[in-house]
Each structure stands twice: as C-alpha cells, then as structure tokens.
Amino acid sequence: MTAKIIDGTAIAKEVRAEVKEKVAKRVAAGKPQPGLATVLVGERVDSATYVRMKQKACADLGMNSFHRPMPIDATQEEVEALVSELNADPAVNGILVQLPLPDHLDEEKVLQAIDLEKDVDGFHPINIGRLAQKGREPVFVPCTPYGCIYLLKKAGVELSGANAVVLGRSNIVGMPAALLLVKENATVTVVHSRTKNIEDVVRNADIIIAAIGMMEFVKGDWVKPGAAIIDVGINEKPDDTKKRGYRLVGDVNYEEAAEVADYITPVPGGVGPMTIAMLMANTLRAAEIQQD
Ligand code: GUN
C-alpha cells in the first residue's frame, strides 16, 4: 500500500475540540449556549440514528439540542409551521430537517422555509444558489461536502487547477461537492448513471470524490497514480467473519486504490465523522452570526 490514509476520525476530533473550546469561551463570556433544532418526520431507523448522533454531538460540545419529532403523516402546513416556530425562537441557532422526508411532503418548500441564517445544513435554495454563483458566498455550506473539502485541504492536496471527478449528483453530497470544488478553482467533471466511459473519465482525475452509493464501484486500475480519493460511500458487504454478518465498505475498492493513489480516506473512519463535525462548526457559526 502506497497511499497515505486521511484519518477522518482524528481530523473530526480536532474540529470538534476547536468548536467545544469556542463554545465554552462564549458561555464563559455570558453568551447563550448555541442551540440546534433537529426535525425528524416519521421513524426511519437510519434517520433516527443520525439525528441521535447529532444530538449527542451537541451535548458533547456544550451546545443545546431541541429535538422536534413529527408523525409520519404530518402535513406540509404542520412541518412549515414548526420551521416558522423554530425560526422565531432565539434559543435555536440552527435548524436541521433530517432528509429524506416522506414522499407526500414538498422537500424544497420545507427547506425554503428555514431562515437563511439558521440553515446549518446549507440546503436552502438561496444558499445552494450562492454556492453555484461566482463572487457570491452561501451563509452555510452542506456538511458532508464541506467535510470532504476540509479533508483534502488538511492533507495538503492542491485543489486549484486540479482535475476533479465527483461520482454522483445528489443534492446532499455530489452536486454541492462539485460546486465547492469549482469555487476552489478545480476543473470538475460530474459522473452519473448516464455517463459514458466512466473509467476513462476517472483515470484523468487528480481528485476523486465518490458518492454514488455503489459498493467498491471505483477499481484500482481506474485511479491515476498520485490521485487523492475521498470515499463518501457506506455500503454493507457480506462478511461471515463479522458478528453482524457484514462489514462497511465504500464506493471505491480500497485495497486496490490504495496501491495507486497518494491519499485515500478509509470507510469507516473517513468522511463519516466529518459530517457531524462540520454541522457542529456550522451551528457555532450560526450562533456567532446571530448573537455577535
Ligand atoms: N440525510 C442524509 N444526509 C443528511 C444531511 O447531511 N442533512 C440532512 N438534513 N439530512 C441528511
């Protein structure tokens, strides 16, 4: 193996320690504790787990969290009314509506109802629009893509002028990651289900961000020697040697790619811990914007 491992667990720990220290200083100076509201509509097991992790991170870092569960049959009006209530609450600095929402709800309208300065997920159409425009800055950047770019910079990878490939065009990861890379002056190709000759496109990349949700999709011989790889995928691979019957692997064949790349993130322990760390950083910044 030649690649250096980008240790997301350690880097997330540093970010969280920094946030924790700044929160403690604010509180010692008499400012209110930053607060994050989490809205979960329905009872999806994975979403409930993510929300619990976000609440725990708030507690660990000295922030308040306000959990606002809603029943699966909540109406559009009820969800938007809750967002309005949270917008008006000065104890709430950040609002996170866990996605996906049930199908009967209009996700765009719900996200649009969030106060721009409380949009710690960065999914408000105006924040995404600003991310896409030259000379404009969003108030917040979506947490997982923000974490990806943070890891690349921390590893010392040069983004300006690099050829970057993003696999996947989701609203949550792929598309905002591509927009962020453009802001960093990379030349970006977005690969998706209709892309032709994916291998050849990937072979040209100095930076690969894989967020396609397909187990070990990127093979070692697609990777340009010296590339930096950020693997966002989390897939369950059957493994009889594990008690739970599977192990987690990414969207990149790690063993193969690590022989060719210069930098690679492991799964787990790469991007995963960064998402919550960046959410905490965004929530602290929301408090700073609203209270300072
Ligand atoms: N669902 C999957 N990832 C995310 C995220 O980063 N934020 C929210 N709100 N929902 C998600």
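One structure accompanies this document, and this report is about it. (Residues numbered from 1 in each chain as written. Predicted model: local features only at pLDDT ≥ 70, side-chain atom pairs only at ≥ 80, totals over all residues. Heavy atoms only, no water.)

**Details of the state of the cysteines**
Put simply, the rule is: Throughout, a disulfide means two cysteine sulfur atoms within 2.5 Å of one another. Exposure is judged per residue with a 1.4 Å probe applied to protein chains only, and the accessible area is read against the type maximum: over 50% gives exposed, under 20% gives buried, and values in between give partly exposed.
Per the counting criterion, the structure on display carries zero disulfides. Cysteine Cys58 shares no disulfide, and the gap to the nearest cysteine sulfur, in Cys143, comes to 11 Å. Overall, the relative accessible area of 4% leaves Cys143 in the buried class.

**Remarks on the sheet that holds strand β4 (residues 94–97)**
Adjacent strands of a sheet form backbone hydrogen bonds with each other and so pair up, either parallel or antiparallel. In plain terms, the rule: Paired strands, as defined in this entry, are two strands with at least two bridges between them according to DSSP. Here a strand is any run of E in DSSP of at least two residues, a helix any run of H or I of at least four, and the numbering for each starts at the N terminus. Angular values range over 0 to 180 degrees, each being the angle between N-to-C directions of two axes fitted as lines to C-alpha atoms, with helices fitted over their stretch in contact. Note on contacts: a residue pair qualifies if any of its non-hydrogen atoms lie within 4.5 Å across the two residues.
Across the sheet, which stays open at both edges, the three strands sit in the order β3-β2-β4 with parallel pairing between neighbours. Of all the strands in the sheet, just β3 (64–70) and β4 have a single pairing partner and so form its edges. Each strand of the sheet is rotated relative to its neighbour by a mean of 15°, with strand direction disregarded. By the bridge criterion, seven bridges tie strand β2 (residues 35–41) to β3 in an arrangement that is parallel. Residue pairing across strands places Ala37 opposite Phe66, the latter belonging to β3. Contacting β2, β3 and β4, helix α2 (residues 45–60) crosses the sheet at an angle of about 170° to β2.

**Things to note about the layout of surface pockets**
The following threshold applies: Only protein atoms enter the calculation, which uses a 1 Å grid: trapped sets of points that fit a 1.4 Å probe without letting it out are cavities, open sets showing protein on both sides within 12 Å along at least five of seven lines are pockets, and any residue with an atom within 4 Å of a point is a lining residue. Grid points are joined across faces, edges and corners, and a volume is the space filled by probe spheres set on the points.
Counted as a void, the largest pocket has a volume near 1400 Å³. In terms of lining residues, the largest pocket is bounded by 48 residues, among which Tyr50, Thr144, Val232, Ile234 and Thr275 are the most central. Ranked by residue count, the leading element in the lining of the largest pocket is α2, at nine residues. Approximately 290 Å³ is the volume found for the second largest pocket. Along its surface, the second largest pocket is lined by 16 residues, and Val141, Tyr146, Lys153, Leu180 and Glu184 are the ones closest to its centre. Counting residues per element, the ones that place at least two in the lining of the second largest pocket are α6 (143–154), α7 (174–183) and α10 (272–291). No other element matches α6, which puts five residues into the lining of the second largest pocket.

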